[in-house]
Amino acid sequence: MPEAATPLMPIPGHVDPVPVPRAITPREDGRVDLVGLSRPQIKAELSTAGLDDKQAKLRSKQLFHWLYHRGVTDFEAMTDLAKPMRVWMAERFVVGRPNVVEAQVSSDGTRKWLLRSDDGQDYEMVFIPDADRGTLCVSSQVGCTLNCRFCHTGTMRLVRNLTPGEIVGQVMLARDALGEWPRGTMSGFGDVDEDEDDSRHYTADGRLLTNIVMMGMGEPLYNFENVRDALKVVMDGDGLALSKRRITLSTSGVVPMMARAAEEIGVNLAVSLHAVTKEVRDEIVPINRKYGIEELLQACADYPKANNARRITFEYVMLKDKNDSDEDARELVRLIKQYKLPAKVNLIPFNPWPGAIYECSTPERIKRFSSIVFEAGISAPVRTPRGRDIMAACGQLKSASEKKSRAELDRLAEEKQAALG
């Protein structure tokens, strides 16, 4: 019998089977990449490789420290391991990083990396520096299934979920590039003097990367287990040690997974709302046809981690003559108050991309919309677009490999090499 094709659901949800090709192949050299693994998982790998239980427990603790606290990628640099053990480790394991295809820096300081997995899949991450913080926008999938009509990423097909290692690897790579590991150096942006003064640091503990937002490519709650496991590694106090209060997970409204996200991850929640009527949200955020506004807002009201100190953030992209009227603003206020939500609203000027069918609301209209919401006692700041010149702004992420042919990429690589040589 011929194998039946599994149809793609036009509006995917947790209860629907969404085919995600798992085209991840083992490394050719047979070694296991440790990045993304928790302490128990590292211990299990060491046990499988032949260490007894006591040795595996000790070495997993040491490796976890070197991987996530020190950022070391070379076993030879792990000085509290005996030299024969370092050799043994290097023969069996690797401490990897995403492959950087292209690194761009915007005129406003925003950085965007086009990354490539070992199985040839491309995805992007963005670092946004501000006066008092540095935020890393992390991808959770290669492509996206949501088809939000204002979002460039939404025009991509979903290729596969990113693994915990590929998610954590984005954070590791950013810390490499920012030179904020102990005794670290910049990667690809020039060397940093280890005795450099602290004037460039945003916080007292010397961190440049202070916040993470799961707002890159993909819908995090459609890759729940991998996102959860990755963020647990990121939040571990003995490693990367980023507080859950400094991590925000964004969803377009995968209602069945929201309570689970609160219980099993516990980070801040952002919801891509973007409209206040069924008609408009059905059009621009098609998942609304599956989980409507009322169902979504009730899930927000039930979100266990939400309170006045940890408000839910509603993302609202400003589209000219589509969702930006005074009536829309008043309905937004009504809904937030009806569901008694501890909330703030981020108003996002629409970031254009080739082929987009929408225009950004005028500055005057955005200001008026913000004022209506503010006057009702709800915070509604207007987000300053960042990284527009390198297509790194909200809604603009899309693998550059889809925009350039193989020949173009080869030509650019040759030009870059000629310029260097």
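Everything discussed here concerns the structure shown above.
Throughout this document, residue positions are counted from 1 along each chain, in the order its sequence is written. Selection of residues for local features in this predicted model requires a pLDDT of at least 70, selection of side-chain atom pairs for listing and counting requires 80 or more, and totals for whole chains, interfaces and linings are taken over all residues. Side-chain metrics in this entry use all non-hydrogen atoms of the structure; hydrogen atoms and water are not considered.

### Examining the overall build of the protein
In step 1: Numbering of helices and strands runs from the N terminus; a helix is a DSSP stretch of H or I covering at least four residues, while a strand is a stretch of E covering at least two. Along the protein, the regular secondary structure elements total 12 helices and 13 strands.
In step 2: The buried share among the 421 residues of the protein stands at 53%.
In step 3: Within the protein, counting contacts between residues at least 6 apart in sequence, those at least 24 apart form 68% of the total. Remark: exposure states derive from per-residue accessible area (1.4 Å probe, protein chains only) relative to the maximum for the residue type, with buried under 20%, exposed over 50%, and partly exposed in between. Any two residues having at least one pair of non-hydrogen atoms within 4.5 Å are treated as being in contact.

### As for the pattern of salt bridges
In step 1: Every case where a carboxyl oxygen of Asp or Glu lies within 4 Å of a side-chain nitrogen of Lys or Arg is listed as a salt bridge. Under the criterion given, the structure shown has 24 salt bridges.
In step 2: Here Asp29 and Arg31 are joined by a salt bridge, their closest N and O atoms 2.9 Å apart.
In step 3: Among the residues examined, Arg31 registers a relative accessible area of 25% and is labelled partly exposed.
In step 4: One salt bridge in this structure joins Glu180 and Arg175, with 3.3 Å as the shortest N-O distance.
In step 5: Take Glu180: its relative accessible area is 10%, and that puts it in the buried class.
In step 6: One network of salt bridges, with partners in common, ties together Glu225, Arg228, Asp229, Arg260 and Glu264.

### Observations regarding the packing of aromatic side chains
In step 1: Aromatic pairs are defined between Phe, Tyr and Trp rings, using the six-membered ring for Trp, whenever the two ring centres lie within 6.5 Å; interplanar angles under 30 degrees are classed as stacked, those over 60 as edge-to-face, and all others as tilted. The full count for this structure, using the stated rule, is three aromatic pairs.
In step 2: With 4.7 Å between their ring centres and 65° between their planes, Phe64 and Tyr68 make a pair best called edge-to-face. With a gap of four residues between them, Phe64 and Tyr68 both fall in helix H2 (residues 53-69), about one helical turn apart. The burial state of Phe64 is the same as that of Tyr68; both residues are buried.
In step 3: Taking 5.1 Å as the distance between ring centres and 35° as the angle between the ring planes, the aromatic pair formed by Tyr316 and Phe369 counts as tilted. Here the residue Tyr316 occupies a position in strand S12 (residues 312-318), and Phe369 occupies one in helix H10 (residues 363-375), the gap between them amounting to 53 residues. Residue Tyr316 shares its accessibility class with Phe369, and that shared class is buried.
In step 4: We count a charge as sitting over a ring when the NZ of a lysine or the CZ of an arginine lies within 6 Å of the ring centre and within 35 degrees of the ring normal. Against the face of Trp181 rests Arg175, its NZ or CZ located 4.4 Å from the ring centre.

### A word on the packing of helix H1 (residues 39-49) against H2
In step 1: Angular values range over 0 to 180 degrees, each being the angle between N-to-C directions of two axes fitted as lines to C-alpha atoms, with helices fitted over their stretch in contact. Relative orientation of the contacting elements H1 and H2 amounts to 130°, with a least axis distance of 8 Å. On the basis of the axis angle, H1 is oblique to H2. Crossing geometry of H1 relative to H2 is assigned as right-handed. Where H1 abuts H2, its residues Arg39, Ile42, Lys43, Leu46 and Ser47 lie against Asp53, Ala56, Lys57, Arg59, Ser60, Lys61, Leu63, Phe64 and Leu67.
In step 2: A per-class count over the contact of H1 with H2 returns six nonpolar, two polar and six charged. With respect to orientation, any angle under 35 degrees is reported as roughly parallel, any angle over 145 as roughly antiparallel, any angle of 65 to 115 as roughly perpendicular, and every other angle as oblique. By the definition used in this description, the sense in which the near helix is turned from the far one sets the handedness, with an anticlockwise turn below a right angle giving left-handed and a clockwise turn giving right-handed. Only Asp, Glu, Lys and Arg are considered charged, only Ala, Val, Leu, Ile, Met, Phe, Trp, Tyr, Cys and Pro nonpolar, and every remaining residue, Gly among them, polar.

### Details of helix H9 (residues 326-338)
In step 1: In this analysis, the expected span of each helix is defined as 1.5 Å times one less than the number of residues it contains. The end-to-end C-alpha distance of H9 is 18 Å, a good match for the 18 Å that 13 residues give at a rise of 1.5 Å each.
In step 2: Looking only at H9, the buried set comprises Asp326, Asp328, Ala329, Leu332, Val333, Leu335 and Ile336.
In step 3: Contact partners of the buried residues in H9: helix H8 (293-301), S12, strand S13 (343-349) and H10.
In step 4: One or two steps after H9, the chain reaches Lys340, where phi turns positive at roughly 50°.

### Some details on the nonpolar core
In step 1: We define a nonpolar core as any set of buried Ala, Val, Leu, Ile, Met, Phe, Trp, Tyr and Cys residues linked to one another through side-chain atoms lying within 4.5 Å. Counting residues in each nonpolar core, the largest one holds 112 residues, and the members touching the most others are Ile212, Phe314 and Val345.
In step 2: With eight residues, helix H4 (residues 164-178) is the largest single contributor of residues to this core.
In step 3: Those residues in contact with Ile212 that lie beyond four places of it in its chain are Leu136, Val138, Val171, Val234, Leu242, Arg246, Ile247 and Thr248.

### A closer look at the environment of Cys137
In step 1: Locating Cys137 in the fold gives a position in strand S6 (residues 134-137).
In step 2: With relative accessibility at 10%, the residue Cys137 sits in the buried group.
In step 3: Measuring from C-alpha to C-alpha, the distance between Cys137 and Met214 comes to 6.0 Å, with 77 residues separating the pair along the chain.
In step 4: Leaving out residues up to four positions away in the same chain, Cys137 has contacts with Met125, Val126, Val213, Met215 and Gly216.

### Some remarks on the environment of Asp236
In step 1: Relative to the assigned elements, Asp236 resides in the loop between helix H5 (224-235) and strand S10 (247-251).
In step 2: Those residues in contact with Asp236 that lie beyond four places of it in its chain are Arg39, Phe64 and Ala241.
In step 3: The definition of a polar contact used here is a pair of N or O atoms within 3.5 Å, where within protein one atom must be able to donate a hydrogen and the other to accept one, and adjacent residues in sequence count solely through side-chain atom pairs. Within the structure, the side chain of Asp236 is placed 2.9 Å from the side chain of Arg39, a separation counted as a polar contact.

### A look at the pairing of strand S11 (residues 268-272)
In step 1: With respect to burial, S11 is a largely interior element, five of its five residues being buried.
In step 2: Side-chain alternation along S11 places Asn268, Ala270 and Ser272 on one buried face and Leu269 and Val271 on a second face that is also buried.
In step 3: Pairing analysis gives four bridges linking S10 to S11, with the strands arranged parallel. Each residue of the ladder has a partner; that of Thr248, found in S11, is Asn268.
In step 4: Place the viewer so that the strands point away; then a crossover is right-handed whenever the path from the first strand over the helix to the second strand goes clockwise. Once the chain exits S10 it traverses helix H6 (residues 255-264) before rejoining the sheet at S11, and the crossover so formed is right-handed. The pairing criterion for strands is at least two bridges between them, as found by DSSP.

Worth remembering: the numbers are spatial, not functional.
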